[in-house]
Amino acid sequence: MAQTEDFKKIIPEIEWIKDDTLRKKVIDAWTEAARRGGWNSVEEIPFTLSFKNSGTLVEHTRRVVKLVKNVADTRDEKINLDYLIAGALLHDIGKALEYEKAGNEIRVSEYGKKVRHPISGANLAREIGVPEEVAHIIESHSHEGDKMKRSKESIIVHHCDFIDFELRRREVEGD
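Residues numbered from 1 in each chain as written. Predicted model: local features only at pLDDT ≥ 70, side-chain atom pairs only at ≥ 80, totals over all residues. Heavy atoms only, no water.

1. Details of the nonpolar core
Turning to step 1, where the next piece is worked out: Ile-17, Val-26, Trp-30, Val-68, Leu-89 and Leu-90 are the most contacted members of the largest nonpolar core, which has 42 residues in total.
Turning to step 2, where the next piece is worked out: Taken together, the elements giving at least two residues each to this core come down to helix H1 (4-10), helix H2 (20-37), helix H3 (57-74), helix H4 (81-90), helix H7 (117-128), helix H8 (132-140) and helix H9 (152-173).
Turning to step 3, where the next piece is worked out: A per-element tally of this core places H2 first, with seven residues. (Core = buried A, V, L, I, M, F, W, Y, C linked by side-chain atoms within 4.5 Å. Buried < 20%, exposed > 50% of the residue type's maximum accessible area, 1.4 Å probe, protein only. Helix = DSSP H or I, 4+ residues; strand = E, 2+ residues; numbered from the N terminus.)

As structure tokens, then:
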């Protein structure tokens, strides 16, 4: 699995987190999720199984991180940029557990049939010791968060995630 320097090459946006401890915990979460999910590299985890040729989770994550940073940079509200970036980097981390590789096929794992990625990802992040505000972003970024009061940071990640999902689906399926 990727060491810190390798991870910085795979997802250079990790450097946008100013807090060294939080940055390390984000890398630890990715590393542990890949280990538990049986992935040889974070780069082989798919973005989604909802449509074919979706690309990788790393590609999606990088697009979402760039989107959330752009949104935050245009807003006047007080936004915790470290939590926002960490939440964007980890929002789909549970997909490493929700999906599995079986030969040449990637499918929903038995665990993933019971626990969707926002919940498994938030639980893993809490176990690693990320701040609760970041775990909240992970837990509430998808439909599971529709009945929660999302933080400002979570609102941004939620919408940027769906923007990227819809645009990527259109790109591969055609308009």
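Structure shown, so let's carry the discussion forward.
2. Digging into the packing of H2 against H7
Turning to step 1, where the next piece is worked out: Look at H2 against H7: their axes get within 10 Å of each other, and the N-to-C directions meet at 125°. One element, H2, and the other, H7, form an angle in the oblique class. Where H2 crosses over H7, the two elements pack in a sense that is right-handed. Residues Lys-25, Asp-28, Ala-29, Glu-32, Ala-33 and Arg-36 of H2 pack against Leu-124, Glu-127 and Ile-128 of H7.
Turning to step 2, where the next piece is worked out: Taken together, the residues of the contact of H2 with H7 break down into four nonpolar, no polar and five charged. (Axes fitted to C-alpha atoms, helices over the stretch in contact; angles between N-to-C directions. Parallel < 35°, antiparallel > 145°, perpendicular 65-115°, else oblique. Left-handed = near helix turned anticlockwise from the far one by under 90°. Contact = heavy atoms within 4.5 Å. Nonpolar A, V, L, I, M, F, W, Y, C, P; charged D, E, K, R; others polar.)

3. Some details on unusual backbone geometry
Turning to step 1, where the next piece is worked out: Although it is not a glycine, Asn-53 adopts a positive phi angle of roughly 55°.
Turning to step 2, where the next piece is worked out: Among the structural elements, Asn-53 can be located in the loop between H2 and H3.
Turning to step 3, where the next piece is worked out: A relative accessible area of 64% places Asn-53 in the exposed class.

4. Section: the side chain of Arg-150
Turning to step 1, where the next piece is worked out: With respect to the helices and strands, Arg-150 occurs in the loop between H8 and H9.
Turning to step 2, where the next piece is worked out: Engagement of the side chain of Arg-150 in a polar contact is seen with the backbone oxygen of Ser-140, the distance being 2.7 Å.
Turning to step 3, where the next piece is worked out: A polar side-chain atom of Arg-150 sits 3.0 Å from a polar atom in the side chain of Asp-146.
Turning to step 4, where the next piece is worked out: Apart from the residues lying within four places of it in its own chain, the contact partners of Arg-150 are His-136, Ser-140, His-141, Ser-142, Gly-145, Ile-155 and His-158. (Polar contact = N/O pair within 3.5 Å; in protein donor to acceptor, adjacent residues only side chain to side chain.)

Remember that the coordinates give geometry; whether it matters functionally is a separate question.
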